[in-house]
Amino acid sequence: IYVRNKLISNFDLDIVIKDPHLKYSMDNLNIIKHYTITKDLPKLLEQIALAGSVLIVAFALELLRLVASRRQLALTQSWPAVMDSLRSGAQAGMGTLEQTEDLGERGPLPLRKAFQQLAESLDAGSPMEKAIGSFRTALGSRIGDRLAMTILVNSEMGGRKESEVWERMAQATRKETSALAIA
């Protein structure tokens, strides 16, 4: 019995089976496997390597997506606490720099670094617009953008009704985060 199976376009597998019961059998072996590579092996290896590379890239991208998703979820869950802290600070008469320093030290863990950088930038005398721009870039969040613009507007208005603004922002943020949690 002779079987020839074409596995991949450039790789042939030959299997020769010799049956001892057949008259024209040459020896006493039951099965002899004979593998023949008829075309170029490098092309086959190249195809296997390419498939492996694609799988590795797909795995890395999925891992990156999961990490980003977890980071975004942690940020989203942290915003209501930030808004409450800013409202409390405004009611206590704290300025923007003091509030950002406080959030950089005691705020939600996923946001501390961004608030520390904002406080350092403001403390170094950077213009508010520049410091807020860097803050927005560091956060990369829609709620963070809204927060940054509110800080900017509050500083231009001189802090009038600031605690009311933060209260409304906290309510809107809770509503948005609960909607995101459902979706």
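This section reports on the structure supplied with the text. Because the structure is a prediction, the values reported are computed rather than measured.

### Details of the pattern of salt bridges
Throughout the structure, instances matching the rule amount to nine salt bridges. Across the salt bridge formed by Arg174 and Asp84, the nearest N and O atoms sit 2.3 Å from each other. Of this pair, Arg174 sits in helix 6 (residues 162-182) while Asp84 sits in helix 1 (residues 41-91); the two residues are 90 residues apart in sequence, bridging distant segments of the chain. A relative accessible area of 37% places Arg174 in the partly exposed class. Across the pair Arg106 and Glu105 runs a salt bridge, and its minimum N-O distance is 3.5 Å. Relative accessible area serves as the criterion here: at 59%, Arg106 is assigned to the exposed category. Among the residues examined, Glu105 registers a relative accessible area of 53% and is labelled exposed. Three or more residues joined by partner-sharing salt bridges are found here, namely Asp84, Arg87, Glu167 and Arg174.

### A short note on the packing of aromatic side chains
Here the structure, examined in full by the defined rule, presents one aromatic pair. Taking the centre distance of 5.0 Å and the plane angle of 55° together, the rings of Phe115 and Phe135 count as tilted. On the criterion of sequence distance, the pair formed by Phe115 in helix 3 (residues 109-123) and Phe135 in helix 4 (residues 128-139) is long-range, its members being 20 residues apart.

### Here's the deal with the environment of Ser121
Residue position: Ser121 is located in helix 3. The spatial distance from the C-alpha of Ser121 to the C-alpha of Leu97 is 9.6 Å, given a sequence separation of 24 residues. Each residue touching Ser121, except ones within four places of it in the same chain, is listed here: Ser126 and Ala131.

### As for the nonpolar core
Membership of the largest hydrophobic core comes to 25 residues, with the highest contact counts inside it found for Trp79, Val82, Met83, Phe135, Leu147 and Trp166. Counting residues per element, the ones that place at least two in this core are helix 1, helix 3, helix 4, helix 5 (142-157) and helix 6. No other element matches the six residues that helix 1 contributes to this core.

Parameters at a glance
Residues numbered from 1 in each chain as written. Predicted model: local features only at pLDDT ≥ 70, side-chain atom pairs only at ≥ 80, totals over all residues. Heavy atoms only, no water. Salt bridge = Lys/Arg side-chain N within 4 Å of Asp/Glu carboxyl O. Helix = DSSP H or I, 4+ residues; strand = E, 2+ residues; numbered from the N terminus. Buried < 20%, exposed > 50% of the residue type's maximum accessible area, 1.4 Å probe, protein only. Phe/Tyr/Trp six-rings, centres within 6.5 Å; stacked < 30°, edge-to-face > 60°. Contact = heavy atoms within 4.5 Å. Core = buried A, V, L, I, M, F, W, Y, C linked by side-chain atoms within 4.5 Å.

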